[in-house]
Structures are given as structure tokens and as C-alpha cells.
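One-letter residues, chain by chain:
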Amino acid sequence: MSLTHQYKQRMLQDYISYVNNELVRIADSIDNYLNANILAISEALLYDAEFHTLLNADLPAGETPEALRWEYMAREYLLNRHLEGMANYGVMDMHLALLMNERGECFNLAYPIQVLGRDNPWVSGLCKNEDDWTIRFHWYPPVENPLESPYAGSRSNMVIPVTRNIISPLTQKLYGKQIFLLPEEQLFALYNASELAKNSRIWLIDEQGRQISCSDLTAWNQESPPPPGLDDRQKTYTGRSAIGVNGWTLVCEASLATIEEGVGRKAAQDAIWIGGLLAVICLVVTFAANAITGPLYTLMASMSRASHKDFSGHIPEQGTKDVSRLIGNYNSLLSDVDDLIYREYEVSRQKQQAEMDALVTQINPHFLYNTLESIVWQARAAGVPRVADMAHYLGELFNLTVNKGKPMMSIEKELQHVQMYVNLQNMRYNDRIRLKISWDDEALLVCRTLKLILQPVVENSILHGMPPAEGILTIYIHVEQEGDGLVFYVEDDGNGIEPEQLCSLVRKLEDPSVMYDREGAEREKCQGNGIGIVNVHQRLRLYYGNRYGVTIQSSLGQGTCTEIRIPVQPV
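Participant: What should I look at first to understand the packing of aromatic side chains in this one?
Facilitator: Two numbers describe a pair of aromatic rings. These are the distance of the centres and the angle of the planes. As enumerated under the stated definition, the model contains 7 aromatic pairs in all. Here Tyr15 and Tyr18 contribute two aromatic rings whose centre-to-centre distance is 6.1 Å and whose plane-to-plane angle is 35°, an arrangement assigned as tilted. One end of the pair, Tyr15, and the other, Tyr18, are both in helix α1 (residues 3–46), 3 residues apart, so they sit about a helical turn from each other. Its relative accessible area of 14% is what places Tyr15 among the buried residues. In this structure Tyr18 comes out as partly exposed when scored by relative accessible area, which is 32%. Taken together, a centroid distance of 5.4 Å and an interplanar angle of 40° make the contact between Tyr72 and Phe107 tilted. On the criterion of sequence distance, the pair formed by Tyr72 in helix α3 (residues 65–88) and Phe107 in strand β2 (residues 106–108) is long-range, its members being 35 residues apart. Residue Tyr72 is classed as buried on the basis of its relative accessible area of 13%.

Spelled out as C-alpha cells, the structure:
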């Protein structure tokens, strides 16, 4: 016998147990419902002497039919009021539709405006058992509600008549008859709320085998409930459960298609579990293999990075004893190489610093010569005040240039140095140079910068941009912060730079080499161009790195714009 067949048999047994247990539960709920809504009300009326008196009180004689109709309606109103009072004491949802007294007078409690006499065919049909002087119930098969307009094929219009004599247990006197109309729809709601009803057909049958209710309207009174037990041909199971209050039986024909579906789902679940188990085994094997070979692959990856001059890839010592020792020796080798590179870097850095210090001292004395010549000319021409100013500016200029031997100064002092330089040049060019300085934030003035980076740029603007005759040259210097860097913008409205000379200058600025070209510096010095823009660019890259330096743009006849970029360095 296969595992699938065994599982199917077990599921079948479990499902049959579920159907039987659910039928018992539903039968109990119907039994409780009938007890609460039929038996409890009926029993209360047997002992209610006031109700007996009200039901059998004489109606006025000799009244016209219309007056008698109103007397019926008044009595029905009083009876309903009395029943409502009973309901307040615990009798709940009442389905009591008609009351008949000992004289055969019929009172319509459900629809008082509709007067029903004993001669009504439907009422007389319920009174056939007048010779029965017991208080037992009579349960009838469902009919369309005679008190409402019929709705063909509608479950909501079907009612189950229930009658009982009103005989006082105390006096043994017959006071009348109770007629209940139990809505079939409420019985249907009780068993249809179960999950069992989704894949089943359910009947309620009485002791004579008449169908009281059915979940399938097309099968109601058209098909008989199947006998109890399994039907392999129809793949169904039929179970039954008795309702004790009135002898009804609850019958359920449950489809076994869910069992077949469950077996299919179980097979799919088993396949998933087996697949999952195999996946876990593969993961465990892969993890174990990686635990052995993983350290070797990590070592190989670190060696690959080291071949590209990345010696920072120290790796943890793991794996077997021999592999762990190999990794330890490799890490020691990386540390030794890293230390050697660092020492070489320090030597190179010190060499570059020395070259920068030497670079600062290469200020062309040609400017000092021109300035002194201007002082002599002014002294001969006329002005002691101007001579004094020139001497003052020259002293301030040299004081800021020396800067106590320090390579760094504040941006404010760098701007003062440029201002002194322009003041001296205005002595020479008769105030034809206009210098305008601005900044985005005054806090930037206290930041540090490499000294003597603006004066060569301004000197370049004067040498190449000074207009002829009496023309005015305007130079704008603006300082702003961009991200983690500071930018100096030096712009003039002079003549601009010749295209060939501009291309040569741009190629030098784009040269990736950061080493100081001493021979080039000597040529700049001999040509009278001061330290020069290229040398300023080289100094900045040597000191700050290749991210920083000088860029220049110029249009012949329109002017030149130079951008100097350094990192932000607060004091």
C-alpha cells in the first residue's frame, strides 16, 4: 500500500469524523433555536391565566361586519401588547402568528388588518386534529406564507406551520390553539453558516420523511436525500444527526472532492519539503566547502589588489593551521611594504616642501627695480606725498611677502598683499587700475591659504591686459566657498591673451605632473613674468594635491578670467 493511499484513507476518516461532529453541532443549534423560539413561548402561554381570559373574552354581539372587524383588530392589538410584555420577561423572538380561542374565533397577530376566519381553507387545514386533547406539538411541512404575497421560488416566503393546543396544566381546560409560522430561511441560515455547507448539500426531514428544508433549491422536494454512508461512485459521504425536540433529522451529502484535492496538495507539499531539504543540504555542503577554501580565495583576492599597488588589504587569520600561518606571514609582508612606501612618501614630501620654500624666494627683482624707478621719477617730478605713499606700500608689500618665514597666511592678508601690489602699480600707471574685491562670507577671511597665489595672477592681468593710452583696467577678485573648497575668481576687462599663448598656458596647467620644473621657473624669471601662473599652479598641486590648482579662460579683446581652487583650512 502506497504512502499516498494511506494518507488518503487517513484524510477520509478525518473528514468523515468532521462531517459527523459538525452535523451534531448544527443539530444542537437548531434544537436550541426551536426550544427558544417555539417551545419557550408556547409553554409560557399554557400557564398565563390573564392571557387565557383575554383570548376568550366575548366579542360584542349584533355588530355590523365593519364594526366586528374593528373589534377583532382591537383584540389582536391587546393580545400583541400582552405578548410583548411577556417578551420583556425573557421570551425572545416570537414566531406566533395566529391564536384561536375556544369558540373558534381566529386572531391574526402577524397582520392584524387581515381578518381570518375558521372557515379559511388554510386555517381549517390546521384544525383537522380537533379531537386531539393533548398539548403535544404538530409540525407541518413548509408552505408559502399565507399571510404574505407569494414570491415564486423565493426561500424567504416559505414558512413551517407549528400548532399546539392551549390547555392549562392547572385546570386541564382547553382555551384555544397556538399557530406558529417558523421561517424556513432562518433554519437555512443556521446550517448554511457552517463551512460544511460550502461543499455539501444539506436537508432537514421530518419523521414522515418529508423535506422541511434544503440547501439546494433545485433539489428541494425534487431529489430524496441519499442513504447514509460512503458512495464511491458519486464520491460522496452522507451523514445524519437527529434533532431531539421534534424528531427531525439533519442529512448532509458531503463531497469527497476535497479529499482528492487534499491528497494532491499533500503530494505537492511533500515535493516542496523534499526540495527544501535538498536545498538545505546543498547550503550546508557549500558552507562547509567555503569554510575550507574561503580563506584561500580571500588571500588570492588580496594578492590581486596588492599587484595593483593596494597594500591596505590585511585579512583575518582563519582556516586550517597552515593556511592561517600563511595569511599571517602575508599580512606581515604587507605591513613592511606599506611602511617602506610611507617612508618614501615622507622623503618625497620633504623634498617637495624644500622645492616650495625655494620657489617662494624666486621673486623677480625686476618688479622692485621698476618700483624704485617710479619712486625716483616721482621724486624728481614733484610729490613728496606720493613718494611717501609708494614707500609705505612697498614696505607693507615686503612685510606681507616675508610673513615671518611662514608659507601660509590668512585670506585677508593675501587680499591685502594684492591691494598693496595694485597700489604700487597705480603709482606707475597713474591710477589706471581699478581693483574690486568681494566675498560671500566674511568668515572666509580668516581661513588659511598658501601665500603669494593672487599677486602673480593680478600681475599677469596687468602685463597682458593693460589698455593703451589712458584706458582703465578693472580687476575683480571674488572669494566664495564651494563644498569643501575655496575658490578665488580673478577677472579683468583687459585685452586678453593671444590664442597661441593661451593654448600653451592651458597645456602647462593640464600637465598631470606635480613636480616643480626648476628650468621652466628660470625661464619665467628671465622673461620678467614674476613667479608666473604656471608656477602658482605647481605650488598649489604640490602642497594640496592634484584636485586643486589654477584654471584660466581668456578672450582676445574681452578680458581674462582665472580660477584658483584650494581646500577650506580654518585657522
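Past the structure itself, the notes keep going.
Participant: Explain the environment of Asn32 here, please?
Facilitator: Mapped onto the elements of the fold, Asn32 is located in helix α1. When the C-alpha positions of Asn32 and Ile243 are compared, they lie 9.5 Å apart, and in sequence the two are 211 residues distant.

Participant: When you look at the packing of helix α12 (residues 499–509) against helix α14 (residues 533–544) in this model, what are you seeing that I'm missing?
Facilitator: Packed helices, taken two at a time, are described by the angle their axes make and the gap between the axes. In the contact formed by α12 and α14, the axes pass within 10 Å of each other and the chain directions differ by 15°. As the angle between them shows, α12 and α14 are arranged roughly parallel. When the axes of α12 and α14 are compared, the crossing they make is right-handed. Taken together, the residues of α14 that come into contact with α12 (itself represented by Leu505, Lys508 and Leu509) are Ile533, Val534, His537 and Arg541. Residues belonging to the contact of α12 with α14 are distributed by class as follows: 4 nonpolar, 1 polar and 2 charged.

Participant: Which parts of the structure should I look at to understand a negative patch on the surface?
Facilitator: Among the surface-exposed residues, Glu412, Asp440, Asp441 and Glu442 lie close enough to one another that they form a single negatively charged patch. With respect to the helices, strands and loops of the structure, Glu442 is situated in the loop between β13 (433–439) and β14 (448–450). Note on Glu442: relative accessible area 57%, which makes it exposed.

Participant: I tried to follow the sheet that holds strand β15 (residues 473–482) on my own but got confused; where do I start?
Facilitator: Backbone-to-backbone hydrogen bonds join strands into a sheet, with any given pair of strands oriented parallel or antiparallel. The strand order β13-β15-β16-β18-β17 describes an open sheet built from 5 strands, whose pairing is mixed. Only two strands of the sheet have a single neighbouring strand rather than two, namely β13 and β17 (549–555). The average angle at which neighbouring strand axes cross in this sheet is 15°, direction not considered. Both β17 and strand β18 (residues 559–567) contribute to a ladder of 7 bridges, which runs antiparallel. Each residue of the ladder has a partner; that of Val550, found in β18, is Ile564. Lying over the sheet, helix α11 (residues 455–465) contacts β13, β15, β16 (485–492) and β18, oriented at roughly 150° with respect to β15. Taken strand by strand, α14 contacts β17 and β18, and its axis lies near 150° from that of β17.

Participant: What exactly am I supposed to notice about the sheet that holds strand β8 (residues 211–214) here?
Facilitator: The antiparallel open sheet is built from 5 strands, whose spatial order is β8-β7-β11-β10-β9. What marks the edges here is a single partner per strand, and that holds for β8 and β9 (229–231). Neighbour-to-neighbour, the strand axes of the sheet open up by a mean angle of 20°, direction not taken into account. The pairing of β9 with strand β10 (residues 236–242) spans 3 bridges and is antiparallel. Note that in β10 the partner of Leu230 across the bridge is Tyr237. Where helix α5 (residues 184–192) meets the sheet, its contacts fall on β7 (200–205) and β8, and the angle it forms with β8 comes to roughly 55°.

Conventions used here
- Residues numbered from 1 in each chain as written.
- Predicted model: local features only at pLDDT ≥ 70, side-chain atom pairs only at ≥ 80, totals over all residues.
- Heavy atoms only, no water.
- Phe/Tyr/Trp six-rings, centres within 6.5 Å; stacked < 30°, edge-to-face > 60°.
- Helix = DSSP H or I, 4+ residues; strand = E, 2+ residues; numbered from the N terminus.
- Buried < 20%, exposed > 50% of the residue type's maximum accessible area, 1.4 Å probe, protein only.
- Axes fitted to C-alpha atoms, helices over the stretch in contact; angles between N-to-C directions.
- Parallel < 35°, antiparallel > 145°, perpendicular 65-115°, else oblique.
- Left-handed = near helix turned anticlockwise from the far one by under 90°.
- Contact = heavy atoms within 4.5 Å.
- Nonpolar A, V, L, I, M, F, W, Y, C, P; charged D, E, K, R; others polar.
- Patch = residues over 30% accessible without salt bridge, like charges linked within 9 Å, V, L, I, M, F, W, Y side chains within 5 Å.
- Areas by Shrake-Rupley, 256 points an atom, 1.4 Å probe, with all protein chains shown as cover.
- Salt bridge = Lys/Arg side-chain N within 4 Å of Asp/Glu carboxyl O.
- Lys, Arg positive; Asp, Glu negative; His and termini not counted.
- Charge placed at Lys NZ, Arg CZ, Asp CG, Glu CD.
- Pairing = 2+ DSSP bridges.

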